[in-house]
Amino acid sequence: MPLTKDDKLLEILEKGSTAGGLSKEECKYLLGFNEHSPEASLTRSVADDFTRRRLNNAGVIIGQIGVDIRPCEGGCKFCSFANDTTKFQKYTISDKELVQKIEDFTRFDDLYGLFLMTMHAYEKEMLLHMIDVAKSVMPSKTQLWINVGDTDYDTFKELKRAGVRGAYHVCRLREGVDTALRPEARMQTMRDMISAGLELYTCCEPIGPEHTIDEIVDNFFIGIDIGCIQHACMRRVAVKGTPLESRGQITELRLAQLCAVLSLTAPKVPGFKFMSIHEPNEAGLLSGANLITAESGGNPRDLVVDTKENRGWTMGRCRKLLWESGFTSLRLGDESHIPLTLDYLKETGSMD
Ligand code: SF4
């Protein structure tokens, strides 16, 4: 008996797996299948194969350091820093802490990109100083990225001159409803960033059980239409004490199905590179994602000041998960590769 008699499904998967990129309607069709159906399993499998062929079976690790914590005017109802509900006080990491965190991430020179993350509002001079500190200690093979709030073109130009390669930015699901930010400002920031010569890493986030397929697919295409070079799927974590905690979470399996469909769609963007799953998990890495993130410092999904003590993934865990997921090399920020083997995991202390 054939796995499926659904010719439309097979045609869509064939199109996606040859870098044809899917339309919104095709994405919605694939996402209409239950995540534990044979059709969803086939979609995940095709996306997995497509990404591995496209990127020579290389995994990618980025490291994010939350450098600045404060009650945040972004007011996101799922975030531990939102000004209405947070218990955090203002805290900025010292130069010494920043250097230590960068050294933790780059000890074995296998970090593709380092992200410095601030709250929505940030002090430009503080960020420029941290960029200088980071550049003085990070390896040349690691790219420097930022994750900041809405920012204008001139500031992005300045950040590029300071050595920043690109930035993470999103227009979230239900932005302006579950957040205090304006969707148009979020999108303008992404357009200004690209105009200023920075690369855009975006994400469909934070996905919760209440989001419809139409909402999710429309969100996929914000980054695709603007011209991102990395895309991702992230589920909302039900952070204790936040207004959206009671809405719960989707499973990693459903997140993996979403990731698979986006993995078959986003590579139609010229210059598109990697697909990420956040937080790291094996189902996503077997469904088209090849990039995961180690985290240190402030984290909107955590309730401690330094997420490396709690939710944040270490470099060692990331290496091991990529290896367990069958990736055979790591891609570095200069686009070179190193083998990802059991011996390498032992050498880097990643089996502990
Ligand atoms: S998710 Fe970001 S912008 Fe929103 S409240 Fe949290 S720190 Fe602020």
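Residues numbered from 1 in each chain as written. Predicted model: local features only at pLDDT ≥ 70, side-chain atom pairs only at ≥ 80, totals over all residues. Heavy atoms only, no water.

Asks: So what's going on with the overall build of the chain? Which residues, and what values?
Replies: Each helix and strand in the chain was counted, giving twelve helices and 13 strands. The C-alpha atoms of the chain give a radius of gyration of 19 Å, which matches the 20 Å a tight globule of 352 residues would have. Considered along the principal axes of its C-alpha atoms, the chain spans approximately 65 × 50 × 40 Å. Within the chain, the proportion of its 352 residues that are buried is 60%. Looking at the chain as shown, the accessible area adds up to about 13900 Å², and 51% of this sits on carbon and sulfur atoms. In the chain, which carries 43 positive and 51 negative side-chain charges, the distance between the mean positions of the two groups comes to 0 Å. (Helix = DSSP H or I, 4+ residues; strand = E, 2+ residues; numbered from the N terminus. Rg over C-alpha atoms; globule rule 2.2 N^0.38 Å. Buried < 20%, exposed > 50% of the residue type's maximum accessible area, 1.4 Å probe, protein only. Areas by Shrake-Rupley, 256 points an atom, 1.4 Å probe, with all protein chains shown as cover. Lys, Arg positive; Asp, Glu negative; His and termini not counted. Charge placed at Lys NZ, Arg CZ, Asp CG, Glu CD.)

Asks: If you had to explain the site of the ligand to someone new, which residues and values would you point to?
Replies: Around the ligand sit Cys-72, Gly-74, Gly-75, Cys-76, Cys-79, Ala-82, Met-119, His-120 and Arg-172, and that is every residue in its neighbourhood. For the shell around the ligand, the residue count by class is five nonpolar, three polar and one charged. (Near = heavy atom within 4 Å. Nonpolar A, V, L, I, M, F, W, Y, C, P; charged D, E, K, R; others polar.)

Asks: I'd like a description of the pairing of strand 10 (residues 274-278), backed by residues and values.
Replies: With five of its five residues buried, strand 10 lies for the most part within the structure. Across five bridges, the pairing between strand 9 (residues 230-235) and strand 10 is parallel. Within strand 10, the position partnered with Cys-233 by the bridge is Ile-277. Between strand 9 and its parallel partner strand 10, the chain crosses via helix 9 (residues 252-263), and the hand of that crossover is right-handed. (Pairing = 2+ DSSP bridges. Right-handed = clockwise from strand over helix to strand, strands pointing away.)

Asks: Please provide a residue-by-residue account of the packing of aromatic side chains, values included.
Replies: Taken as a whole, this structure holds six aromatic pairs when the rule is applied. Seen in terms of ring centroids, Tyr-112 and Phe-274 are 5.1 Å apart; in terms of plane orientation they differ by 90°. Their pairing is edge-to-face. Residue Tyr-112 is located in the loop between helix 4 (95-106) and strand 4 (113-117), and its partner Phe-274 is located in strand 10; the two are separated by 162 residues in the primary sequence. The class for Phe-274 is buried, based on a relative accessible area of 1%. (Phe/Tyr/Trp six-rings, centres within 6.5 Å; stacked < 30°, edge-to-face > 60°.)

Asks: Can you tell me about the pattern of salt bridges, naming the residues and giving the values?
Replies: Scanning the entire structure with this criterion turns up 30 salt bridges. Between Asp-214 and Lys-28 there is a salt bridge, and its shortest N-O distance comes to 3.5 Å. Here the residue Asp-214 occupies a position in helix 8 (residues 213-226), and Lys-28 occupies one in helix 2 (residues 24-31), the gap between them amounting to 186 residues. For Asp-214, a relative accessible area of 42% corresponds to the partly exposed category. Between Asp-104 and Lys-308 there is a salt bridge, with its nearest N and O atoms 3.7 Å apart. You can see Asp-104 sitting in helix 4 and its partner Lys-308 sitting in the loop between strand 11 (291-297) and helix 11 (315-324), a full 204 residues away along the chain. We classify Asp-104 as partly exposed; its relative accessible area is 28%. (Salt bridge = Lys/Arg side-chain N within 4 Å of Asp/Glu carboxyl O.)

Asks: Any details on the environment of Leu-10? Residues and values, ideally.
Replies: Mapped onto the fold, Leu-10 is located in helix 1 (residues 7-16). Separated by 29 residues in the primary sequence, Leu-10 and Glu-39 have C-alpha atoms spaced 9.3 Å apart. The contacts of Leu-10, once residues within four sequence positions are left out, are Thr-4 and Leu-42. (Contact = heavy atoms within 4.5 Å.)

Asks: Outline the side chain of Asn-299, listing residues and values.
Replies: Within the secondary structure, Asn-299 is located in the loop between strand 11 and helix 11. In this structure the side chain of Asn-299 is engaged in a polar contact, spanning 3.0 Å, whose partner is the side chain of Thr-307. When residues no more than four places from it in sequence are discounted, the contact partners of Asn-299 are Ser-80, Phe-81, Met-117, Thr-307 and Arg-311. (Polar contact = N/O pair within 3.5 Å; in protein donor to acceptor, adjacent residues only side chain to side chain.)

Asks: Could you give an account of the environment of Asp-48, with specific residues and numbers?
Replies: Structurally, the position occupied by Asp-48 is in helix 3 (residues 38-54). Counting along the chain gives 275 residues from Asp-48 to Trp-323, while the straight-line C-alpha distance between them is 15 Å.

Asks: So what's going on with helix 4? Residues and values would help.
Replies: Here helix 4 is twelve residues long and its end C-alpha atoms lie 16 Å apart, about the 16 Å a rise of 1.5 Å per residue gives. All buried positions along helix 4 are accounted for by Leu-98, Lys-101, Ile-102, Phe-105 and Thr-106. In a view along the axis of helix 4, the buried residues occupy a sector of 120°, so they form one face of it. Against the buried residues of helix 4 lie strand 1 (58-66), strand 4, helix 5 (124-137), strand 11 and helix 11. (Expected span 1.5 Å × (residues − 1). Arc of directions from axis to C-beta.)

Asks: Please give an account of the packing of helix 2 against helix 8 that cites residues and values.
Replies: It is at 10 Å that the axes of helix 2 and helix 8 come closest, and there the two elements cross at 135°. Between helix 2 and helix 8, the crossing angle belongs to the class labelled oblique. Along this stretch, helix 2 crosses helix 8, giving a crossing that reads as right-handed. Taken together, the residues of helix 8 that come into contact with helix 2 (itself represented by Lys-24, Cys-27, Lys-28 and Leu-31) are Ile-213, Asp-214, Val-217, Asp-218, Phe-220 and Phe-221. Tallied by class, the residues present in the contact of helix 2 with helix 8 amount to six nonpolar, no polar and four charged. (Axes fitted to C-alpha atoms, helices over the stretch in contact; angles between N-to-C directions. Parallel < 35°, antiparallel > 145°, perpendicular 65-115°, else oblique. Left-handed = near helix turned anticlockwise from the far one by under 90°.)

Asks: Give a description of unusual backbone geometry that names residues and reports values.
Replies: In this structure, Pro-206 follows Glu-205 across a cis peptide bond, with omega equal to -15°. Residue placement: Pro-206 occurs in strand 8 (residues 204-207). Of the consecutive residues His-278 and Glu-279, the connecting peptide bond is found in the cis state with omega at -5°. Mapped onto the elements, Glu-279 comes out in the loop between strand 10 and helix 10 (282-285).

Honestly, that's just the spatial picture; any functional story needs more than this.
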